[in-house]
Amino acid sequence: MSTVLETTTLLAQVGMGRIQGGWEYIWAAYGIAWASLSLYALSLWIRRPIKASRDTKE
Amino acid sequence: MRRSRPISLLKAVVVLLGKDLLIEWRTRARLNALIFFSLATLLLFSFAVGPDTKLLARNAGGYLWLALLFASVLALGESFRVEQENLTLDGLRMAPADARAIFLSKALGNTVLLVGLGALLIPVMIALYGVKVTLGAGPMLGILALGCMAVAAPGTVYSAIANNARARDVLLPLMLFPLIIPALLAAAKATTLVLQGDPMNQLGSWSGLLIGFNLIYWGLGFVLFPRVIED
Amino acid sequence: MSGLMNAVLQYGSAAAALVVVGLGIRLGRKWAPVDSQMDARPMLVGMSVAALVLLAVGGWLGLVWSPQDREMGDVYRIIYVHVPAMWMAMLTLVLNFACCVSYLLKANWKTDALAEASAEVGLLFGGFGLVLGAIWGRPTWGVYWDWDPRLTAMAIMLVTYTAYMALRRFVEDPDKRAVWSSVVGIISFANLPIVWFSVKWWRSLHQVQSTPKTVDPEMALSLRVNAWAFLILLTLFLLHRYRIALATREAEVALPDALPPDAPASRDGNSTEVA
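This structure is a prediction, so every number in the text was calculated from the model and none was measured.

**Points about unusual backbone geometry**
Backbone geometry at Ala167(B) places phi at a positive 55°, although glycine is not the residue there. The topology assignment puts Ala167(B) in the loop between α6 (137–162) and α7 (168–179).

**Comments concerning the confidence of the model for chain A**
Residue and element names in this part refer to chain A. A residue-level look at chain A finds 50% of positions with pLDDT of 70 or above and a mean pLDDT of 71. Between residues 10–15, whose pLDDT stays under 50, and residues either more than four places distant or in other chains, the model counts 2 contacts. Contacts from residues 54–58, a stretch scored under 50 in pLDDT, to residues over four places away or in other chains number 0 contacts.

**Topic: the interface of chain B and chain C**
Often the size quoted for an interface is simply the accessible area lost on bringing the parts together. Tallying the contact residues gives 24 residues for chain B and 24 residues for chain C. Those elements that place two or more of their residues in the side of chain B that touches chain C are α6, α7, α8 (181–196) and α9 (203–229) of chain B. Of all the elements, α9(B) adds the most residues to the side of chain B that touches chain C, at 9 residues.

**Observations concerning the nonpolar core**
Grouped together as the largest cluster of nonpolar side chains are 166 residues, with contacts concentrated most on Ala150(B), Met175(B), Ile78(C) and Ile232(C). Looking at which element gives the most residues to this core, the answer is helix α7 (residues 217–254) of chain C, with 19 residues.

**Some remarks on the environment of Leu130(C)**
Residues and elements named next belong to chain C. Mapping leucine 130 onto the fold places it in helix α4 (residues 109–141). Taking C-alpha positions, leucine 130 is 9.3 Å from leucine 158, a pair spaced 28 residues apart along the chain. If sequence neighbours within four positions are ignored, leucine 130 has contacts with Leu151, Met154, Ala155 and Leu158.

**Considering helix α5 (residues 99–129) of chain B**
Counted at 1.5 Å a residue, the expected span for α5(B) with its 31 residues is 45 Å, and the 43 Å between its end C-alpha atoms agrees. Downstream of α5(B) by a residue or two, Gly130(B) has a phi angle that is positive, lying close to 65°.

**Digging into the interface of chain C and chain A**
Counting residues at the interface gives 29 residues for chain C, matched by 25 residues for chain A. When residues of the side of chain C that touches chain A are traced back to their parent elements, those giving at least two are α3 (79–105), α4 and α7 of chain C. Take the side of chain C that touches chain A: its biggest share by element is 8 residues, from α4(C).

What counts as what
- Residues numbered from 1 in each chain as written.
- Chains lettered and ligands numbered in written order.
- Predicted model: local features only at pLDDT ≥ 70, side-chain atom pairs only at ≥ 80, totals over all residues.
- Helix = DSSP H or I, 4+ residues; strand = E, 2+ residues; numbered from the N terminus.
- pLDDT = per-residue confidence, 0-100.
- Contact = placed C-beta atoms within 7 Å.
- Core = buried A, V, L, I, M, F, W, Y, C linked by C-beta atoms within 7 Å.
- Buried ≥ 20, exposed ≤ 12 C-beta atoms within 10 Å, placed from the backbone.
- Expected span 1.5 Å × (residues − 1).

Here it is as structure tokens:
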């Protein structure tokens, strides 16, 4: 009996302790990740070697 | 890369170390400047923190090692510049001495220099920050020696590299500081324990970390240094 | 979502990633060298599409599909990008170390170029992974930087490898740059275990940071798909950066003293944002 009660109280406490919201942090994190990946891809594109002497088709 | 070795490694190290220490002694003015620079650093910490003696005493170990670290960059940067001025490194390379002897002698020379500097700084630190050495002089000197060796071994390799690169004055601390963070951490912690007593027996693990760091970097330096100065 | 869908995602993403890694190695051999005549466009497009699709699926799984964590609520969703980024950073550091050792044993331009590529790409993943870790710290621990041992050790390693890249930039002679940076790479990598133990002990004197380890199967799936997506991206980045490094080397060797001050200048500006 008492164990059931204790378990429910414990669960309730855990439920209360859950962090609410925080989506702005999530979006900031995903945004930074995607932005840095795309910026790096862009920098690779800018630095791509151009075969001036041999390659004529570009 | 292995040359014939008419003189033994040990003998070469001793000869080269004697030569470096002699140069160091003959250019005493530079040595004095180094000493006063590190004393000034020690003094500056107390100004930066303010006249809170408790705080200064608690952080004394960290300040001592930071002062030594700043001084070490100047000392290490100089250790190969001396050779470069008259292109004597080429002479050393052509001498029938093992390149690894150059590493050992330079690193030992830097260790001696830093330990000497530390031995001068410790009394000043005791007076300036109002600390007392609870565990005695023996452990204090042991930690000093281990910490200085930990700075000197990678410092010697990096100094030889940075000396020939552009922006060498920036490059040496940039490469060295992050590398020796663990050694600095261990040395500062161990020094604090030596100063304030060690009720929880943590000194052993920090000294162990320093010894491990030394073993790894003296070993790596010994193996890799010949590749650094080869042509 | 049904079990079938689950299995398809799990094995599909793994298979796609492994195929891309295989293709990446092949292209690195055949297409990346300067004198290559190979037309790699279809393969490259395919690999990029695979990366984007998996990244989108991973993002959806992480942001929408995965349930809330019992304690962390929604905030824990950051780990779906943070943890894979850190894994990739570790992977590139190991790759860099292997290249450095291999170069000292047998000098080869390709090894040197791969070492350069892996260090730079590793800095990218480690860098934003670290920022994500700091963002994660704010809602969970209340501060951006809590001196968590793992994050601190990673930060120290990142500074170490920034110095490695700086050294590469500051030495003009390609031979010396390769040898010296290999030495520095080996020395830096050897520091990893020491940094880890020192930071851990240093922290344990204050408090022991307990990170709750409650991984549901759904969370594991999201994490896996994201990790495979990142592995594909890593392969693509390494491949392209490796090709750039090879081309730069070719230019340096082809023009021994015609334009030494100009040739490195084109690279100088671009890779700084990573640090």
